[in-house]
Amino acid sequence: MTRLSVNLNKIALLRNSRMLGIPSVTRSAIAALDAGAQGITVHPRPDGRHIRTQDVYELAQLLKSRRDIEFNIEGNPFHALLDLVREVRPQQCTLVPDDPGAFTSDQGWNLQRDGTRLRPVIAGLKALGVRVSVFMDPLPDAMQLACDIGADRVELYTEPYARAFGSPAEARMVERYAEAARAAQQAGLGVNAGHDLNRDNLPRFLSAVPAVLEVSIGHALIADALESGLAQAVRNYLGAIDAGIVKQAGHRA
């Protein structure tokens, strides 16, 4: 089962363009969950360009009554993220190495360089009962390093796959992700995936990459919601997940 976590950053970005409080981040979360999403993801950044601290508190309060829903907070642990995570204690914290001014996440961790300083951060989060995922490029040899510093999961950074989708490079690229996922699983890690996944490329990814536990999708899903409505967009993505899993099962058979 691959779970869908809806990233609400773009809802907050639109809300922040005016001073009216609309669209509502919490009402959007309710709509996504009522349509079948199994998780909510936010990625607060130091400049408050989209998700803000108050949004995180309000979502945490909302999700207290939905015990089966995962709250995933993403961000760079060295840029004022950890105090917020300690207060809220989401089910999962995804550590991402983006710079404060980065337009969007654009790379995974270099654990040979950053592993030593990430290790105590991960230990502290796990002591709070928070599952820790680290954002990683699809490098099979790096998966054991993620395990060695204490991570529970990796989130595979999928923009390179999304760029290759539909091109001659697609087959080799998707195999890179499959190899990385297998290496992570052999090291005892769970595998998540996210970044530029959409309704078109998601089934192919899930059909080839084994046992993906969760996909976090924001930009494409919210863009689709402008045409179909948020609830229908969530249902469409759940259908895309199912299509990929069914196809993978067919390949195994």
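Everything discussed here concerns the structure shown above.
A brief report on the enclosed structure follows. All values reported here derive from a predicted model rather than from experimental measurement. (Residues numbered from 1 in each chain as written. Predicted model: local features only at pLDDT ≥ 70, side-chain atom pairs only at ≥ 80, totals over all residues. Heavy atoms only, no water.)

The next point concerns the overall build of the protein chain. Helix and strand counts for the protein chain come out as eleven helices and eight strands. Expected size for 253 residues packed as a compact globule is a radius of gyration near 18 Å; at 17 Å, the protein chain falls within 12% of this value. A principal-axis box enclosing the C-alpha atoms of the protein chain has dimensions of 50 × 45 × 35 Å. Burial analysis of the protein chain (253 residues in total) assigns 54% to the buried set. Approximately 11,400 Å² of the protein chain is accessible, and the part contributed by carbon and sulfur atoms is 51%. The average position of the 28 basic charges and that of the 28 acidic charges among the side chains of the protein chain differ by 3 Å. (Helix = DSSP H or I, 4+ residues; strand = E, 2+ residues; numbered from the N terminus. Rg over C-alpha atoms; globule rule 2.2 N^0.38 Å. Buried < 20%, exposed > 50% of the residue type's maximum accessible area, 1.4 Å probe, protein only. Areas by Shrake-Rupley, 256 points an atom, 1.4 Å probe, with all protein chains shown as cover. Lys, Arg positive; Asp, Glu negative; His and termini not counted. Charge placed at Lys NZ, Arg CZ, Asp CG, Glu CD.)

Time to look at the sheet that holds strand β7 (residues 190-194). Ordered in space as β1-β2-β3-β4-β5-β6-β7-β8, the eight strands form a closed barrel in which the pairing is parallel. Each strand of the sheet is rotated relative to its neighbour by a mean of 25 degrees, with strand direction disregarded. Where strand β6 (residues 153-157) meets β7, five bridges bridge the pair, whose relative direction is parallel. Across the sheet, L156 pairs through a bridge with A193, a residue of β7. (Pairing = 2+ DSSP bridges. Axes fitted to C-alpha atoms, helices over the stretch in contact; angles between N-to-C directions.)

Most pronounced at R117, the bend in helix α5 (residues 111-127) amounts to some 45 degrees, and the proline P120 follows within four residues. Buried within α5 we find L111, D114, G115, L118, V121, I122 and L125. With a side-chain oxygen lying 3.2 Å from the backbone nitrogen of Q112, the N-terminal cap of α5 falls on N110. Two residues or fewer past α5, G129 is found with a positive phi of approximately 85 degrees. (Bend = angle between axes of the 7 residues up to and from the residue. Polar contact = N/O pair within 3.5 Å; in protein donor to acceptor, adjacent residues only side chain to side chain.)

With that settled, the discussion passes to the environment of H50. Checked against the element boundaries, H50 lands in the loop between β2 (39-42) and α3 (53-63). On the basis of relative accessible area, H50 is assigned to the buried category, the value being 5%. Note: C-alpha distance between H50 and A35 (15 residues apart in sequence) is 23 Å. Those residues within four positions of H50 in sequence are excluded, and the remaining contacts are N9, A12, L13, R15, N16, H43, R45 and D55. (Contact = heavy atoms within 4.5 Å.)

Applying the stated criterion across every chain, the model contains 13 salt bridges. D47 is paired through a salt bridge with R49; the nearest N and O atoms lie 3.1 Å apart. The partner of E159 in a salt bridge is R163, and the shortest N-O contact between them spans 2.7 Å. Of this pair, E159 and R163 both sit in helix α7 (residues 159-164), four residues apart, which is roughly one turn of the helix. Since its relative accessible area comes to 12%, E159 is described here as buried. When salt bridges that share partners are traced, they join R113, D114 and R117 into one network. (Salt bridge = Lys/Arg side-chain N within 4 Å of Asp/Glu carboxyl O.)

Our next topic: the environment of N110. Among the structural elements, N110 can be located in the loop between β4 (92-95) and α5. In sequence terms N110 and I40 are 70 residues apart; their C-alpha atoms lie 27 Å from each other. For N110, the side chain forms a polar contact with the main-chain nitrogen of Q112, separated by 3.2 Å.

A separate point is the packing of aromatic side chains. What the rule picks out here adds up to six aromatic pairs. Each ring, one from F135 and one from Y157, has its centre 5.3 Å from the other, and the planes form 50 degrees; the classification is tilted. In this pair, F135 is assigned in strand β5 (residues 131-136) and Y157 in strand β6, connecting sequence segments 22 residues apart. Judged by its relative accessible area of 3%, F135 is buried. The exposure class of Y157 is buried, given its relative accessible area of 5%. Seen from their ring centres, Y161 and Y177 are 6.3 Å apart, and the 70 degrees between their planes marks the pair as edge-to-face. Of the two residues, Y161 is situated in helix α7 and Y177 in helix α8 (residues 170-186); the sequence distance between them amounts to 16 residues. What makes Y177 buried here is its relative accessible area of 0%. Residue placement shows R117 over the ring face of F78; its charged tip is 4.0 Å from the ring centre. (Phe/Tyr/Trp six-rings, centres within 6.5 Å; stacked < 30°, edge-to-face > 60°. Lys NZ or Arg CZ within 6 Å of the ring centre and 35° of its normal.)

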